[in-house]
Amino acid sequence: MKKTKQNRGLKFAGFVSASLVLWLVAGPAQAEGPWVAGVTFGQVAIQDYELEAESDTRLDDTDTGWRIFLGYQFNENFGVGVSYLDLGTLDAAGTAFGGFTDQIEATAIEAWVIGTMPINEQFSLFGTLGIFSWDQDVTYSDSFEDFRGSADGEDFAFGFGVSYWLNADFGVHATWHRYANIGDRNVTGHENDRDLIGVGIVFAFGE
(Lines give C-alpha, C1' and ligand atoms only; values in the text may rest on other atoms or scores of the structure.)
Protein backbone atom coordinates (compact mmCIF):
# COMPACT_ATOMS: atom_id res chain seq x y z
CA MET A 1 0.00 0.00 0.00
CA LYS A 2 1.30 3.42 -0.91
CA LYS A 3 2.40 5.62 1.96
CA THR A 4 0.58 8.94 2.05
CA LYS A 5 2.47 12.18 1.67
CA GLN A 6 0.93 13.42 4.92
CA ASN A 7 2.23 10.43 6.90
CA ARG A 8 5.71 10.84 5.44
CA GLY A 9 5.70 14.52 6.36
CA LEU A 10 4.59 13.80 9.92
CA LYS A 11 7.29 11.15 10.38
CA PHE A 12 9.95 13.51 9.06
CA ALA A 13 8.75 16.37 11.28
CA GLY A 14 8.92 14.07 14.28
CA PHE A 15 12.45 12.96 13.37
CA VAL A 16 13.65 16.54 12.95
CA SER A 17 12.03 17.64 16.23
CA ALA A 18 13.61 14.78 18.17
CA SER A 19 16.99 15.43 16.57
CA LEU A 20 16.90 19.14 17.47
CA VAL A 21 15.95 18.33 21.08
CA LEU A 22 18.89 15.93 21.38
CA TRP A 23 21.24 18.51 19.91
CA LEU A 24 20.04 21.22 22.30
CA VAL A 25 20.41 18.89 25.30
CA ALA A 26 23.91 17.85 24.27
CA GLY A 27 24.93 21.43 23.58
CA PRO A 28 27.52 22.70 21.07
CA ALA A 29 30.31 20.48 22.37
CA GLN A 30 32.45 21.15 19.26
CA ALA A 31 33.37 17.43 19.30
CA GLU A 32 34.25 17.37 15.64
CA GLY A 33 34.34 13.71 14.56
CA PRO A 34 34.89 11.63 11.45
CA TRP A 35 31.41 10.03 11.45
CA VAL A 36 28.41 11.79 9.95
CA ALA A 37 24.75 10.77 9.91
CA GLY A 38 21.65 12.51 8.67
CA VAL A 39 18.49 12.59 6.63
CA THR A 40 17.38 14.39 3.46
CA PHE A 41 13.71 15.01 2.77
CA GLY A 42 12.30 16.50 -0.43
CA GLN A 43 10.66 15.94 -3.78
CA VAL A 44 11.26 13.14 -6.28
CA ALA A 45 10.77 13.92 -9.97
CA ILE A 46 10.22 10.80 -12.11
CA GLN A 47 11.26 11.08 -15.75
CA ASP A 48 10.05 9.63 -19.09
CA TYR A 49 6.92 7.70 -18.18
CA GLU A 50 6.33 5.22 -21.03
CA LEU A 51 2.53 5.67 -21.33
CA GLU A 52 2.48 9.47 -21.05
CA ALA A 53 1.72 9.84 -24.77
CA GLU A 54 -1.43 7.70 -24.58
CA SER A 55 -4.72 9.54 -24.94
CA ASP A 56 -6.07 11.31 -21.88
CA THR A 57 -3.32 10.15 -19.54
CA ARG A 58 -3.47 11.78 -16.11
CA LEU A 59 0.00 11.68 -14.64
CA ASP A 60 1.40 12.45 -11.18
CA ASP A 61 5.16 12.02 -11.66
CA THR A 62 6.34 13.81 -8.51
CA ASP A 63 6.21 12.56 -4.93
CA THR A 64 7.86 13.08 -1.57
CA GLY A 65 11.05 11.10 -0.97
CA TRP A 66 13.77 10.75 1.64
CA ARG A 67 17.32 9.56 2.13
CA ILE A 68 18.91 8.38 5.40
CA PHE A 69 22.70 8.19 5.37
CA LEU A 70 25.75 7.26 7.44
CA GLY A 71 29.25 8.24 6.37
CA TYR A 72 32.89 8.35 7.41
CA GLN A 73 35.15 11.33 6.63
CA PHE A 74 38.81 10.41 6.15
CA ASN A 75 39.63 14.12 6.02
CA GLU A 76 37.85 17.39 5.24
CA ASN A 77 37.87 16.61 1.49
CA PHE A 78 37.06 12.91 1.16
CA GLY A 79 34.67 10.38 2.69
CA VAL A 80 32.55 7.30 2.06
CA GLY A 81 29.06 6.26 3.13
CA VAL A 82 25.85 4.32 2.64
CA SER A 83 22.22 5.42 2.26
CA TYR A 84 18.71 4.04 2.24
CA LEU A 85 16.25 5.83 -0.04
CA ASP A 86 12.53 6.03 -0.60
CA LEU A 87 12.26 7.31 -4.17
CA GLY A 88 8.55 7.94 -4.27
CA THR A 89 5.66 6.66 -6.37
CA LEU A 90 4.43 7.55 -9.85
CA ASP A 91 0.66 7.38 -10.37
CA ALA A 92 -0.98 7.37 -13.80
CA ALA A 93 -4.46 6.71 -15.21
CA GLY A 94 -6.11 7.12 -18.59
CA THR A 95 -8.68 5.99 -21.12
CA ALA A 96 -6.29 3.95 -23.29
CA PHE A 97 -6.58 0.12 -23.27
CA GLY A 98 -10.18 0.42 -22.15
CA GLY A 99 -9.10 2.46 -19.13
CA PHE A 100 -5.92 1.87 -17.17
CA THR A 101 -4.28 2.68 -13.84
CA ASP A 102 -0.57 2.40 -13.14
CA GLN A 103 1.54 2.79 -10.00
CA ILE A 104 5.35 2.56 -9.88
CA GLU A 105 7.20 2.60 -6.54
CA ALA A 106 10.96 2.54 -5.97
CA THR A 107 13.37 2.19 -3.05
CA ALA A 108 17.16 1.81 -3.06
CA ILE A 109 20.31 1.21 -1.04
CA GLU A 110 23.36 3.24 -2.08
CA ALA A 111 27.12 3.12 -1.41
CA TRP A 112 28.97 6.33 -2.26
CA VAL A 113 32.12 8.40 -2.08
CA ILE A 114 31.96 12.12 -1.36
CA GLY A 115 34.28 14.95 -2.26
CA THR A 116 33.97 18.14 -0.19
CA MET A 117 35.29 21.63 -0.89
CA PRO A 118 35.14 23.89 2.20
CA ILE A 119 34.36 27.54 1.41
CA ASN A 120 34.87 28.73 4.99
CA GLU A 121 34.38 27.29 8.49
CA GLN A 122 30.63 26.96 7.96
CA PHE A 123 29.90 26.58 4.23
CA SER A 124 31.07 23.72 2.03
CA LEU A 125 30.22 22.35 -1.40
CA PHE A 126 30.14 18.61 -2.06
CA GLY A 127 29.61 16.03 -4.77
CA THR A 128 28.83 12.32 -4.49
CA LEU A 129 29.35 9.37 -6.82
CA GLY A 130 28.02 5.94 -5.98
CA ILE A 131 26.47 2.63 -6.91
CA PHE A 132 22.88 1.96 -5.87
CA SER A 133 20.80 -1.20 -5.71
CA TRP A 134 17.19 -0.43 -6.60
CA ASP A 135 13.90 -2.24 -6.09
CA GLN A 136 10.88 -1.38 -8.27
CA ASP A 137 7.26 -2.44 -7.62
CA VAL A 138 4.56 -1.98 -10.30
CA THR A 139 0.79 -2.34 -9.98
CA TYR A 140 -1.00 -2.03 -13.35
CA SER A 141 -4.58 -2.68 -14.44
CA ASP A 142 -6.62 -2.19 -17.64
CA SER A 143 -9.59 -3.84 -19.35
CA PHE A 144 -7.43 -6.73 -20.55
CA GLU A 145 -5.08 -7.55 -17.68
CA ASP A 146 -4.12 -6.99 -14.05
CA PHE A 147 -0.41 -7.02 -13.31
CA ARG A 148 1.63 -6.89 -10.13
CA GLY A 149 5.38 -7.31 -10.45
CA SER A 150 8.76 -6.22 -9.20
CA ALA A 151 12.29 -5.92 -10.49
CA ASP A 152 15.68 -5.12 -8.97
CA GLY A 153 19.09 -4.15 -10.23
CA GLU A 154 22.08 -1.83 -9.87
CA ASP A 155 23.30 1.36 -11.52
CA PHE A 156 25.39 4.48 -10.90
CA ALA A 157 24.19 7.56 -9.01
CA PHE A 158 25.60 11.03 -8.50
CA GLY A 159 24.69 14.24 -6.72
CA PHE A 160 25.71 17.75 -5.70
CA GLY A 161 24.94 19.93 -2.72
CA VAL A 162 25.87 22.56 -0.18
CA SER A 163 26.25 22.23 3.61
CA TYR A 164 26.04 24.86 6.36
CA TRP A 165 27.42 23.87 9.77
CA LEU A 166 25.88 25.61 12.77
CA ASN A 167 28.70 24.19 14.87
CA ALA A 168 31.17 21.32 14.53
CA ASP A 169 28.48 18.76 15.45
CA PHE A 170 25.35 19.86 13.61
CA GLY A 171 24.55 21.20 10.17
CA VAL A 172 21.95 21.52 7.44
CA HIS A 173 22.24 20.82 3.74
CA ALA A 174 20.51 21.16 0.37
CA THR A 175 21.15 18.60 -2.34
CA TRP A 176 20.20 17.12 -5.71
CA HIS A 177 20.73 13.46 -6.60
CA ARG A 178 20.12 11.54 -9.85
CA TYR A 179 19.21 7.83 -9.76
CA ALA A 180 19.05 6.53 -13.32
CA ASN A 181 17.60 3.48 -15.09
CA ILE A 182 15.35 2.21 -12.32
CA GLY A 183 13.25 -0.69 -13.59
CA ASP A 184 13.31 -3.41 -16.22
CA ARG A 185 11.04 -3.01 -19.25
CA ASN A 186 11.17 -6.75 -19.94
CA VAL A 187 9.90 -7.56 -16.43
CA THR A 188 7.66 -4.67 -15.30
CA GLY A 189 7.29 -2.61 -18.49
CA HIS A 190 8.84 0.50 -16.97
CA GLU A 191 12.32 2.04 -16.66
CA ASN A 192 12.67 5.59 -15.34
CA ASP A 193 15.20 8.07 -13.96
CA ARG A 194 14.42 9.66 -10.59
CA ASP A 195 15.78 12.96 -9.22
CA LEU A 196 15.68 13.68 -5.48
CA ILE A 197 15.85 17.38 -4.61
CA GLY A 198 15.79 18.07 -0.91
CA VAL A 199 17.02 19.60 2.31
CA GLY A 200 18.05 17.93 5.53
CA ILE A 201 20.13 17.76 8.67
CA VAL A 202 23.49 16.16 9.42
CA PHE A 203 25.34 15.28 12.63
CA ALA A 204 29.10 14.77 13.12
CA PHE A 205 30.29 12.55 15.95
CA GLY A 206 33.15 10.34 17.13
CA GLU A 207 36.67 10.97 18.32
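Use the structure listed above.
In this report, we go over the structure that sits alongside the text. Along every chain, residues carry numbers that run from 1 in the direction the sequence is written. Only residues with pLDDT of at least 70 get local features here, since the model is predicted, and only at 80 or more are side-chain atom pairs given and counted; chain-wide, interface and lining totals rely on the full set of residues. Values shown for side chains rest on all heavy atoms present in the structure; no hydrogens or waters enter the calculation.

### Focus: the pairing of strand S6 (residues 123-141)
Paired strands, as defined in this entry, are two strands with at least two bridges between them according to DSSP. Secondary structure is summarised from DSSP: a helix means a run of H or I of at least four residues, a strand means a run of E of at least two, and numbering begins at the N terminus for each. Across 18 bridges, strand S5 (residues 100-118) lies against S6 in antiparallel orientation. Residue pairing across strands places Glu 105 opposite Asp 137, the latter belonging to S6. Two elements, S6 and strand S7 (residues 146-165), share 19 bridges in a ladder whose sense is antiparallel. Looking across to S7, one finds that Tyr 140 is bridged to Phe 147.

### Quick look at the packing of aromatic side chains
A pair of aromatic rings is counted whenever rings of Phe, Tyr or Trp (Trp by its six-membered ring) have centres within 6.5 Å, and the orientation is called stacked for planes under 30 degrees apart, edge-to-face for over 60 and tilted otherwise. Within the structure shown, the criterion is met by twelve aromatic pairs. Taken together, a centroid distance of 5.2 Å and an interplanar angle of 80 degrees make the contact between Phe 132 and Tyr 179 edge-to-face. Taken together, the residues Phe 132 in strand S6 and Tyr 179 in strand S8 (residues 170-183) connect sequence positions 47 residues apart. Just as Phe 132 is buried, Tyr 179 falls in that class too. Exposure categories follow from relative accessible area, calculated using a 1.4 Å probe and restricted to protein chains: below 20% of the type maximum is buried, above 50% is exposed, and the middle band is partly exposed.

### Here's the deal with the nonpolar core
Counting 22 residues, the largest nonpolar core has Tyr 49, Leu 87, Phe 100, Phe 132, Tyr 179 and Ile 182 as the members making the most contacts within it. Elements that contribute at least two residues to this core include exactly strand S1 (35-46), strand S4 (78-94), S5, S6, S7 and S8. Beyond its immediate stretch of four places on either side in the chain, Tyr 179 contacts Arg 67, Leu 85, Leu 87, Glu 110, Phe 132, Ala 157, Asn 192, Asp 193, Arg 194 and Leu 196. Grouped together as the second largest cluster of nonpolar side chains are seven residues, Val 36, Phe 69, Trp 112 and Ala 204 included. To define a nonpolar core, start from buried Ala, Val, Leu, Ile, Met, Phe, Trp, Tyr and Cys residues and group those joined through side-chain atoms within 4.5 Å. Contacts are assigned to residue pairs that have any heavy atoms within 4.5 Å of one another.

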